[in-house]
Amino acid sequence: DGAIPLFLGKMDAAWLPHAVRDGNFDQFARLEGGMLSVDVQSPSSYGTTGLKSAEPMVSLPAPGDTQSVLVQFDFDTATTNNAMFALVPPDQLGTLEWDAHEIWVAIEQKRDAEPQLILAVQRKVQGRYPITNRDVLKGLTLELQPDGLVLVSNAADRVLLQGRMAKVSAASDLHIQV
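The shown structure was predicted, so the numbers you read here are calculated from the model rather than taken from an experiment.

### Describing the pattern of salt bridges
Phase 1: The tally for this structure, following the rule as stated, stands at 3 salt bridges.
Phase 2: Notably, a salt bridge pairs Glu-108 with Arg-128, separated by 3.9 Å at the nearest N-O pair. One end of the pair, Glu-108, is in strand β8 (residues 103-108); the other, Arg-128, is in strand β10 (residues 124-130), with 20 residues separating them in the sequence.
Phase 3: Its salt-bridge partner being Arg-164, residue Asp-147 comes within 4.0 Å of it at the nearest N-O pair. Separated by 17 residues along the polypeptide, Asp-147 in the loop between β11 (140-144) and β12 (149-153) and Arg-164 in strand β13 (residues 159-164) bring together distant segments of the chain.
Phase 4: Classification of Asp-147 as partly exposed rests on a relative accessible area of 49%.
Phase 5: By relative accessible area, which is 40% here, Arg-164 ends up partly exposed.

### Considering the sheet that holds β13
Phase 1: Strands sit in the order β6-β11-β12-β13 across an open sheet of 4 strands; the sheet is antiparallel. Looking along the sheet, the strands with just one partner apiece sit at the ends: β6 (69-73) and β13. Across this sheet, the average inter-strand angle for adjacent strands is 15 degrees, counted without regard to direction.
Phase 2: Direction of pairing for β11 relative to β12: antiparallel, over a ladder of 4 bridges. Its bridge partner lying in β12, Leu-142 is registered against Val-152.

### Topic: the nonpolar core
Phase 1: In this structure, Leu-87, Ile-103, Leu-117 and Leu-142 are the most contacted members of the largest nonpolar core, which totals 30 residues.
Phase 2: For this core, the elements supplying multiple residues, two or more each, are β6, β7 (83-88), β8, β9 (116-121), β11, β12, β13 and β14 (173-177).
Phase 3: Leu-142 has contacts with Val-69, Leu-70, Val-71, Phe-73, Phe-85, Leu-87, Ile-103, Val-105, Val-150, Leu-151 and Val-152, leaving out every residue within four places of it along the chain.
Phase 4: Ranked by size, the runner-up nonpolar core spans 8 residues in total, among them Ala-86, Val-88, Ile-118 and Ala-120.

### Here we look at the environment of Glu-114
Phase 1: One can find Glu-114 in the loop between β8 and β9.
Phase 2: On the basis of relative accessible area, Glu-114 is assigned to the partly exposed category, the value being 45%.
Phase 3: Spatially, the C-alpha atoms of Glu-114 and Leu-142 are 22 Å apart, while their sequence positions differ by 28 residues.

### Considering unusual backbone geometry
Phase 1: Despite not being glycine, Gln-122 shows a phi value in the positive range, around 50 degrees.
Phase 2: Tracing the backbone through its elements, the reader meets Gln-122 in the loop between β9 and β10.
Phase 3: Backbone geometry at Arg-123 places phi at a positive 65 degrees, although glycine is not the residue there.
Phase 4: Structurally, the position occupied by Arg-123 is in the loop between β9 and β10.

### Remarks on the side chain of Gln-177
Phase 1: Following the sequence through the fold, Gln-177 ends up in strand β14.
Phase 2: At a separation of 3.4 Å, a polar atom in the side chain of Gln-177 contacts the side chain of His-18.
Phase 3: Contact partners of Gln-177, with chain neighbours within four places excluded, come to His-18, Leu-51, Lys-52, Met-84, Phe-85, Ala-86, Val-88, Gln-92, Leu-93, Gly-94, Thr-95 and Glu-97.

### A look at the side chain of Thr-141
Phase 1: Take Thr-141: it is sitting in strand β11.
Phase 2: On the basis of relative accessibility, which here comes to 16%, the residue Thr-141 falls in the buried class.
Phase 3: The contacts of Thr-141, once residues within four sequence positions are left out, are Leu-70, Val-71, Gln-72, Leu-151, Val-152 and Ser-153.

Analysis parameters
Residues numbered from 1 in each chain as written. Predicted model: local features only at pLDDT ≥ 70, side-chain atom pairs only at ≥ 80, totals over all residues. Heavy atoms only, no water. Salt bridge = Lys/Arg side-chain N within 4 Å of Asp/Glu carboxyl O. Helix = DSSP H or I, 4+ residues; strand = E, 2+ residues; numbered from the N terminus. Buried < 20%, exposed > 50% of the residue type's maximum accessible area, 1.4 Å probe, protein only. Pairing = 2+ DSSP bridges. Axes fitted to C-alpha atoms, helices over the stretch in contact; angles between N-to-C directions. Core = buried A, V, L, I, M, F, W, Y, C linked by side-chain atoms within 4.5 Å. Contact = heavy atoms within 4.5 Å. Polar contact = N/O pair within 3.5 Å; in protein donor to acceptor, adjacent residues only side chain to side chain.

Shown next, in the form of structure tokens:
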């Protein structure tokens, strides 16, 4: 299918620790079983801890391109809550994702509320999908179309969220922050 794995479940030269807003990679993150697991404890419940790509990994398609860019991400759908995946320009690498993203996809679980899958494009929330069955999260794929349309679909090819880039990003090559 032409897919190129970006994260192979271990730290290598392609990935750097990421921690902002009381995040702490050494304390909260671990790599085991080919997966990154992050457990941010109180009182740092707002701490952001994860990975960031050392170099840009995703190139936005230009308006005249004929193919979309697809980025698939897999995670433990049963246990994941409050996870985020963002595409950020090189000059914003390592900052808080919300302040810097071109594309931001998150699973958000607030206290007793139903979890949601959220899509934000260029710092504007463009869609929320209530998660009533966590199986819907399997095989999430982010599709970036040349016309600026942004889709989030799952392994069943069901489009869960869609948004649109309001303007062409100044940076076409973006870093990944997870």
